[in-house]
Amino acid sequence: MLSRLHVDTSTPVAGAYMLVFGLGLGLVLQVLVLAAQNAVDYTYLGVASSGSILFRQIGGSIGVSIFGAIFANRLASKLAAAIPPGARVPAAPNPTALERLPPTLHHAYAVAIAEALRPVFLTAAGTAVLGFLLTWLLREVPLKATSRAPDPGDGFHVARDADGLRELGRALSQLAGREQRWVLYERLAGRAGLELPPPQLWLLARLGERPPLTDPQLAEQLHATGNRISDTLDQLRLRSLVRTEGDGTATLTAAGRADYERFVATGSARLRELLAGWQPPSTTSSNS
């Protein structure tokens, strides 16, 4: 559509052409970024986003140079054919200088600019068609429904108690990936002497941090499917670590509470070992 512009094209028509182009380009750009983000693990989300923007900027720089060269070359040839010998015209389009040209030269220069722009837009259209065809080679990746790991996670919440060390441990656990988290739980279970698989130990820790909740309430807070929570709760009930109250809420038994406290103590001790000798930066002035 833009390649069809000429000196007699009205402003509403040119504006409509640019509106169609702007809508199409705006809707495509975000889809391409989303496709790049969706194709990588959450750990590399920032790399995919910044890489997509980087290559877009590189492509824009190269494209401007190529299209500028095409325009300058075509404009020079059109001016040589349209401007009478000896006439002095600006070498590059300059609105102020063009307004000072005689009407005949002004019209010829405007026609030359319009004709020089036509191959630029046609080349850009061909590049867009090529890019559209290349998108069909992209591997189909189902769109992720969440930025969380597929396993139920606890999120990075505001501190629920005054134990800063426990909150730090919870934050570090959330920052770890799914595989690293399960390895961490498995190691802590062995160190604490608990014979619980990582998913059960994870849910036991979440129950110990919360008041009694029903299975659906717990699944909603943990952003997990109800079946996964219910199945893991059933396994904890079989171990007599969790019991169901009359109102349908799940709560830890005495044995479950003891295992929870042992797990928390082991995790805190391990965290203290890792942070041994580390001093947080002082937030007070030297005169305080």
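The residue numbering used here restarts from 1 in each chain and proceeds along that chain's sequence as written. Local features are withheld for residues below a pLDDT of 70 in this predicted model, meaning they are given only at 70 or higher, and side-chain atom pairs are given and counted only at 80 or more; totals for whole chains, interfaces and linings count all residues. The basis for the side-chain values is all heavy atoms of the structure; hydrogens and waters are excluded.

## Concerning the overall build of the protein chain
Move 1: Secondary structure elements follow DSSP: runs of H or I no shorter than four residues count as helices, runs of E no shorter than two count as strands, and numbering proceeds from the N terminus. Secondary structure summary: the protein chain contains ten helices and two strands in total.
Move 2: Secondary structure elements of the protein chain occur, N-terminal to C-terminal, as α-α-α-α-α-α-α-α-α-β-β-α.
Move 3: Each residue is assigned to one of three classes by its accessible area relative to the maximum for its type, calculated with a 1.4 Å probe on protein chains only: buried under 20%, partly exposed between the two thresholds, exposed over 50%. Within the protein chain, buried positions represent 28% of all 288 residues.
Move 4: Residues are treated as being in contact if the distance between any of their heavy atoms lies within 4.5 Å. Put simply, 54% of the contacts in the protein chain that link residues at least 6 apart link residues at least 24 apart.
Move 5: Here, Shrake-Rupley sampling with a 1.4 Å probe gives the accessible areas, and only protein chains in the shown set may cover a residue. Carbon and sulfur atoms provide 63% of the accessible area of the protein chain, an area that totals close to 18800 Å².

## A look at a nonpolar patch on the surface
Move 1: Candidate patch residues must exceed 30% relative accessible area and have no salt bridge, after which like charges are joined if within 9 Å and Val, Leu, Ile, Met, Phe, Trp or Tyr side chains if within 5 Å. Salt bridges, as used here, are contacts in which a Lys or Arg side-chain nitrogen is within 4 Å of a carboxyl oxygen on Asp or Glu. A cluster of nonpolar residues, L54, F55, I58, I62 and I66, forms a patch on the protein surface that exposes about 500 Å² of accessible area.
Move 2: Along the chain, I58 turns up in helix 2 (residues 45-82).

## Observations regarding the pattern of salt bridges
Move 1: Enumeration over the complete set of coordinates arrives at seven salt bridges.
Move 2: Residue K78 is joined to E115 by a salt bridge in which the shortest nitrogen-to-oxygen separation is 3.4 Å. A residue pair is termed long-range when its members are at least 10 positions apart, and K78 in helix 2 and E115 in helix 4 (residues 103-135) qualify at 37 residues.
Move 3: What makes E115 partly exposed here is its relative accessible area of 28%.
Move 4: E209 is the partner of R210 in a salt bridge, and the nearest nitrogen-oxygen pair spans 3.5 Å.
Move 5: Overlapping salt bridges bring together R206, E209 and R210 as one network.

## Digging into the nonpolar core
Move 1: Throughout, nonpolar core names a set of buried Ala, Val, Leu, Ile, Met, Phe, Trp, Tyr and Cys residues whose side chains join them through atoms within 4.5 Å. Residues L201, L203, L207, L218, I229 and L233 are the most contacted members of the largest nonpolar core, which totals 28 residues.
Move 2: Looking at this core, the elements with two or more residues in it are helix 6 (178-192), helix 7 (198-209), helix 8 (215-221), helix 9 (226-238), strand 2 (250-252) and helix 10 (254-274).
Move 3: With sequence-adjacent residues up to four places away left out, L233 is seen in contact with L203, L207, D215, L218, V242 and A250.
Move 4: Grouped together as the second largest cluster of nonpolar side chains are 13 residues, L75, I83, L105 and A116 included.

## Topic: helix 7
Move 1: What a helix is expected to span follows from its residue count: subtract one and scale by 1.5 Å. Taking 1.5 Å per residue as the helical rise, helix 7 with its twelve residues ought to reach 16 Å, and the 17 Å between its terminal C-alpha atoms agrees with that figure.
Move 2: Most of helix 7 is tucked away: ten of the twelve residues are buried.
Move 3: All of the buried residues in helix 7 are P198, Q200, L201, W202, L203, L204, A205, R206, L207 and G208.

## Focus: helix 10
Move 1: Helix length check: helix 10, at 21 residues, gives a terminal C-alpha distance of 30 Å against a target of 30 Å (1.5 Å per residue), a fit within 8%.
Move 2: For helix 10, every residue scored as buried is listed here: G256, D259, Y260, F263, V264, T266, S268 and L271.

## Here we look at the side chain of N38
Move 1: Position of N38 among the secondary structure elements: in helix 1 (residues 11-38).
Move 2: Definition of a polar contact: a pair of N or O atoms within 3.5 Å, with one able to donate and the other able to accept a hydrogen when the atoms are protein atoms, and with sequence-neighbouring residues admitted only if both atoms are side-chain atoms. Within the local environment of N38, its side chain forms a polar contact with the backbone oxygen of V141, the two atoms lying 3.3 Å apart.
Move 3: When sequence neighbours within four positions are dropped, the list of residues in contact with N38 reads V141, P142, L143 and K144.

## Quick notes on the packing of aromatic side chains
Move 1: Pairing of aromatic rings covers Phe, Tyr and Trp, the last through its six-membered ring, and needs centres within 6.5 Å; plane angles under 30 degrees mean stacked, over 60 mean edge-to-face, and all others mean tilted. By the definition in use, this model includes two aromatic pairs.
Move 2: With centroids separated by 5.5 Å and ring planes inclined at 15°, the aromatic side chains of Y185 and F263 adopt a geometry described as stacked. Linking Y185 in helix 6 with F263 in helix 10, this pair joins segments that are 78 residues apart in sequence. F263 carries the same exposure label as Y185, and that label is buried.

## Notes on the confidence of the model for the protein chain
Move 1: Predicted confidence across the protein chain gives a mean pLDDT of 78, with 78% of residues reaching 70 or more.
Move 2: Per-residue confidence from the predictor is reported as pLDDT, which spans 0 to 100. Within the protein chain, no element has a lower average pLDDT than helix 5 (residues 164-175), which sits at 57, and none a higher one than helix 1, at 89.
Move 3: In this model, residues 148-162 is a region of pLDDT below 50 whose contacts with residues beyond four sequence positions or in other chains number 39 contacts.
Move 4: Predicted confidence for residues 283-288 stays below pLDDT 50, and this span has zero contacts to residues more than four positions away or in other chains.

## Regarding the environment of G193
Move 1: With respect to the helices, strands and loops of the structure, G193 is situated in the loop between helix 6 and helix 7.
Move 2: Separated by 69 residues in sequence, G193 and R262 place their C-alpha atoms 8.8 Å apart.

## Here we look at unusual backbone geometry
Move 1: Positive phi, normally seen in glycine, also occurs at S240, with a value near 60°.
Move 2: Here S240 is to be found in the loop between helix 9 and strand 1 (242-244).

## Side note on the packing of helix 1 against helix 2
Move 1: A fitted line through C-alpha atoms represents every axis, and for helices the fit uses only the stretch in contact; the resulting angles, taken between N-to-C directions, go from 0 to 180 degrees. Close contact between helix 1 and helix 2 brings their axes to 8 Å; oriented N to C, the two are set at 140°. One way to sum up the angle between helix 1 and helix 2 is to call them oblique. The handedness of the crossing between helix 1 and helix 2 is right-handed. The segment helix 1 lies against helix 2, with L29, V33, A36 and Q37 engaging L45, A48, S49, S52 and R56.
Move 2: Residues are grouped as follows: nonpolar covers Ala, Val, Leu, Ile, Met, Phe, Trp, Tyr, Cys and Pro; charged covers Asp, Glu, Lys and Arg; every other residue, Gly included, is treated as polar. A per-class count over the contact of helix 1 with helix 2 returns five nonpolar, three polar and one charged. Small angles under 35 degrees read as roughly parallel and large ones over 145 as roughly antiparallel, with 65 to 115 read as roughly perpendicular and the rest as oblique. For any helix crossing, the convention is left-handed if the near helix is rotated counterclockwise from the far helix by under a right angle, and right-handed if that rotation is clockwise.

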